[in-house]
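Architecture at a glance
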Amino acid sequence: MTESPAARHASTQADFAANLASIRARIAAAEAKAGRAAGSVRLLPVTKTVPAERLRLAIAAGVHWLGENKVQEAWEKSQALADLPQLKYSVIGHLQTNKAKYVARFADEFQALDNLRQAQALERRLEIEDRTLEVFIQVNTSSEESKFGLEPGQAPEFLRQLQGFERLQVKGLMTLAVFSPQQELVRACFRKLVAVREELRQLNLGSVEELSMGMSGDFELAIAEGATVVRVGQGLFGARALPDSHYWPGFAG
Ligand SMILES: *Cc1c(COP(=O)(O)O)cnc(C)c1O
């Protein structure tokens, strides 16, 4: 991604409504510019580090999907906001197998699936909860060792292995682009994800159409390249106090 332009710190419902309207307008403009249908890109608000009480204002302003990087934080918010049954939770960060039980309880979507043990743990826990989960396979498109996700070449075999998992509904692919001010490097990551989807389509193993790519700093570029889900945090909620290295191991920025 390129530099993350954070919105001003939003602290009232009106601030949140304004930030939301502004991001939605930029998404609509990017869709139009790319010749894509209006509404073809879903905005996933990324709410990590935003406390539950502040989130209530954002929810009142129209947010109902919460994207969270860490399971523990997401789980705590789902408890604190349990009186709002319309909320949906997307876990977008690395999952340790021993936390699969939490995801199985409350998450509607998991975007960082990248190994078989994780899939097995989720399947077993989802059976216990009698739930299903929409999942995205995370692909490492930046060749950075510090990033989670499968190598692009491993995705077809992984998708085949997932066929036996009845509780996991594979929706598509997710990636984090390289952290670089050079647009062409960022664009290359997005193109790689599109190419992986193309390869998976040839396998005819169900629909893996969704592409979750693009964040506050690069979502317009991602939409130009075909994103169907963009994950926007700081552009909606303002700058985070915690450094990104807290969420992305190895990231020094
Ligand atoms: C935090 C995060 C985002 C959003 O980043 P912003 O710069 O706040 O838009 C997107 N994807 C993942 C996996 C994240 O952890």
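In this report, the structure presented in the accompanying data block is examined. In this text the structure is predicted, and so the values were computed from the model without any measurement.

The next thing to look at is the site of the ligand. The immediate surroundings of the ligand are formed by 13 residues, with Lys48, Asn69, Ser216, Gln234 and Arg240 found nearest. Between the ligand and Asn69, the relevant distance is 2.7 Å, taken from an oxygen atom to a side-chain nitrogen or oxygen of the residue. A distance of 2.7 Å is found between an oxygen atom of the ligand and a backbone nitrogen or oxygen belonging to Gln234. Each residue belonging to the shell around the ligand can be placed in one class, and the counts come to five nonpolar, five polar and three charged.

A few words on the pairing of strand S4 (residues 109-113). The element S4 is largely enclosed, with a buried count of five among its five residues. Tracing the backbone out of strand S3 (residues 88-91), into helix H4 (residues 100-106) and back to the parallel element S4 gives a crossover that is right-handed. Inspection of the sheet shows S4 paired to strand S5 (residues 133-138) by three bridges, in the parallel sense. Paired with Leu113 across the strands is Ile137, a residue of S5. Handedness of the S4-helix H5 (residues 116-129)-S5 crossover: right-handed.

Each value, and the rule that gives it
Residues numbered from 1 in each chain as written. Predicted model: local features only at pLDDT ≥ 70, side-chain atom pairs only at ≥ 80, totals over all residues. Heavy atoms only, no water. Near = heavy atom within 4 Å. Polar contact = N/O pair within 3.5 Å; in protein donor to acceptor, adjacent residues only side chain to side chain. Nonpolar A, V, L, I, M, F, W, Y, C, P; charged D, E, K, R; others polar. Buried < 20%, exposed > 50% of the residue type's maximum accessible area, 1.4 Å probe, protein only. Helix = DSSP H or I, 4+ residues; strand = E, 2+ residues; numbered from the N terminus. Right-handed = clockwise from strand over helix to strand, strands pointing away. Pairing = 2+ DSSP bridges.

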